[in-house]
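The residues making up each chain are set out below.
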Amino acid sequence: MSQEPIVLDLTGSDIQGEAARLRERGPVALVELPGGVPAWSITDAVVLKSLLADPRVSKDPRQHWAAFMNGEITEEWPLHPWVAVDNMFTAYGAEHRRLRKLVAPAFTHRRTVALRPRIEAITAELLDQLAATPRGTAVDLREGYAYPVPIQVITELMGVPEHLGPGVRKCVDGFFDTSFGPEEAQANYLEMYRLVSELVAYRREAPGDDITSVLIASRDEEDGSQLTEKELVDTLMLVINAGHETTVNLLDQAIFALLTRADQRADVVAGRIPWSDVVEESLRYEAPVAHLPLRYAVEDIDIADVRIPKGEAILASYVAANRDPKVHGPNADQFDLRRSVKDHVAFGYGAHHCLGAPLARMEAEIALPAIFRRFPDMRLAVDPSELGTVLSFISNGHSELPVFLEATE
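**Q** Explain the packing of aromatic side chains to me, and be specific about the residues and the numbers.
**A** For the structure on display, the rule yields ten aromatic pairs. Their ring planes at 40° and their centres at 4.9 Å tell us that Trp 82 and Phe 175 sit as a pair that is tilted. Here Trp 82, found in helix H5 (residues 80-83), pairs with Phe 175, found in helix H11 (residues 165-176); they are 93 residues apart in sequence, far enough to count as distant. Ring geometry for Trp 275 versus Phe 372: centroids 5.8 Å apart, planes at 35°, classification tilted. Placement of Trp 275 in helix H16 (residues 275-285) and of Phe 372 in helix H19 (residues 357-374) is noted, with a sequence separation of 97 residues between them. Each member of the pair, Trp 275 as well as Phe 372, carries the same accessibility label: buried. Taken together, the ring pairs in this structure connect Trp 65, Phe 68, Trp 77 and Tyr 296 into an aromatic cluster. Seen from the ring of Phe 89, Lys 59 lies directly overhead, with NZ or CZ sitting 3.5 Å from the centre. Over the aromatic face of Tyr 147 sits the side chain of Arg 169, whose NZ or CZ is 3.9 Å from the ring centroid.

See below:
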């Protein structure tokens with residue numbers, strides 16, 4: 001069956017509306033990425049889970065994306081940094097297992113749990129800063145809370161020295177901005193690569209108890225192999241980007257959801273609904289990563305009446321699959337903390353399931369109750385319809401989240 005592609009809005013102005021239009025096409029919808037590049041968007045939750053765990057689906061463009069292998073995809077393509085890195089994000093099969101095995105020691109349960117006191121301290125410090133806001137003055141909670149919690153956690157976890165912090169933050173923002181043109185996207189990637197290479201050099205001279213130092217020293221117990229220099233830098237770039245943006249959007253969307261649903265907010269604050277349910281429903285309802293580039297068909301794949309030909313690109317559309325009515329019923333488009341089925345694919349699925357998911361959940365389960373305890377009368381400072389979105393079809397969050405922290409006359 002032939003389809004006219006749906007041209008994705010690169011500014012992400014109506015991510016959920018666009019996801020609904022994709023679902024109307026069936027489990028697979030042809031979409032157009034920047035530069036007119038075609039891809040197959042998977043919107044059905046069951047089908048997506050199946051494909052994410054299917055060996056017929058690869059993340060390695062060098063082996064399995066025809067357009068990349070024949071030179072159609074060049075460094076000038078705005079999403080080139082998403083597909084051309086050398087790390088476990090773009091690895092396939094045995095190579096992915098090798099890289100994940102080398103990276104896994106940096107994300108042990110012990111290391112994650114040990115971060116709890118530091119996350120609590122970061123949260124408390126930020127809340128004290130917010131409390132100094134003059135009464136009646138609106139404050140942007142995305143910039144003042146949702147953003148700094150995870151960026152401070154991830155940069156400390158990575159061992160990023162203070163002099164590199166501002167530059168890294170700027171590059172992370174740019175990495176997810178899919179409104180960038182080719183030159184901007186490439187310049188941003190090169191600058192981030194330079195900064196992270198500088199981080200590696202710094203930690204080689206001054207190793208510590210951080211992820212960068214762990215990955216520099218990490219060796220495969222069986223063959224003694226290490227990450228190559230490019231694998232190391234690209235892996236650290238992946239950890240910084242993924243470890244930050246997902247959690248920013250999770251906090252942003254969860255706060256917004258509760259501020260616009262007084263009855264559910266009351267149930268959570270009173271302890272009738274656990275904060276863990278807020279986290280999981282927020283991840284489902286507004287997937288922090290809307291669409292994740294890219295995967296590729298290793299061979300022809302038939303889904304319903306659609307054939308994804310060998311060598312073509314596949315887009316994991318988490319935002320569409322997370323509201324699949326076949327899984328979540330007729331109220332899939334509603335934020336419902338009491339829903340019985342809480343399944344979602346916000347952190348991926350299968351071999352590429354996010355290693356940092358436990359850390360993101362812990363950050364949210366600390367930061368969310370803390371801000372609602374500290375500011376019980378917090379409310380939005382604008383009508384919800386006035387809120388803008390981040391300029392991205394990948395990242396799913398608000399451009400700002402203005403609130404009044406105290407009750408106002």
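**Q** Quick one: what's the story with the pairing of strand E3 (residues 37-42), residue by residue and with numbers?
**A** Counted residue by residue, E3 has five buried out of six residues, so it is predominantly covered. Inspection of the sheet shows strand E2 (residues 28-33) paired to E3 by six bridges, in the antiparallel sense. Bridge pairing in E3 places Leu 30 opposite Trp 40. A loop of three residues connects E2 with E3, the two strands running antiparallel in sequence, and Gly 35 in this loop sits at a positive phi of about 75°. Two strands pair when backbone bridges link them, and E3 and strand E9 (residues 313-316) are joined in this way by three bridges, in the parallel orientation.

**Q** Describe the sheet that holds strand E6 (residues 292-297), with residues and values.
**A** Strands belonging to one sheet form pairs held by backbone hydrogen bonds; the direction of such a pair is parallel or antiparallel. Read across the open sheet, the six strands follow the order E1-E2-E3-E9-E6-E4; overall the sheet is mixed. At either end of the open sheet lies a strand with only one pairing partner, and these are strand E1 (6-7) and strand E4 (57-58). Sheet analysis places E1 next to E2, joined by two bridges and oriented parallel. Within E2, the residue paired with Val 7 across the bridge is Glu 32. Sheet strands touched by helix H2 (residues 45-52): E3, E4, E6 and E9. Its angle to E3, the strand with the most contacts, is close to 115°.

**Q** So what's going on with empty space enclosed by the protein? Which residues, and what values?
**A** Within the structure shown, the criterion is met by two cavities of 30 Å³ or more. As a volume, the largest cavity reaches approximately 650 Å³. Forming the boundary of the largest cavity are 37 residues, of which Phe 89, Leu 238, Ala 242, Leu 292 and Cys 354 lie nearest the centre. Looking at the lining of the largest cavity, the element that brings in the most residues is helix H14 (residues 229-259), giving nine residues. Split by residue class, the lining of the largest cavity holds 22 nonpolar, ten polar and five charged. In this model, the second largest cavity occupies a volume close to 110 Å³. Along the walls of the second largest cavity sit Pro 78, Leu 79, Pro 81, Trp 82, Gly 174, Phe 175, Asp 177, Thr 178, Phe 180, Ala 185, Asn 188 and Tyr 189, which together make up its complete lining. Every element with two or more residues in the lining of the second largest cavity is listed here: H5, H11 and helix H12 (182-205). For the lining of the second largest cavity, the element with the highest residue contribution is H12, accounting for three residues. Of the residues that constitute the lining of the second largest cavity, the class distribution is eight nonpolar, three polar and one charged.

Cut-offs applied
Residues numbered from 1 in each chain as written. Predicted model: local features only at pLDDT ≥ 70, side-chain atom pairs only at ≥ 80, totals over all residues. Heavy atoms only, no water. Phe/Tyr/Trp six-rings, centres within 6.5 Å; stacked < 30°, edge-to-face > 60°. Helix = DSSP H or I, 4+ residues; strand = E, 2+ residues; numbered from the N terminus. Buried < 20%, exposed > 50% of the residue type's maximum accessible area, 1.4 Å probe, protein only. Lys NZ or Arg CZ within 6 Å of the ring centre and 35° of its normal. Pairing = 2+ DSSP bridges. Contact = heavy atoms within 4.5 Å. Axes fitted to C-alpha atoms, helices over the stretch in contact; angles between N-to-C directions. 1 Å grid on protein atoms, 1.4 Å probe; cavity = no way out; pocket = protein on both sides within 12 Å on 5 of 7 lines; lining within 4 Å. Points joined across faces, edges and corners; volume = space filled by probe spheres on them. Nonpolar A, V, L, I, M, F, W, Y, C, P; charged D, E, K, R; others polar.

Bear in mind that shape data such as this cannot, by itself, settle questions of function.
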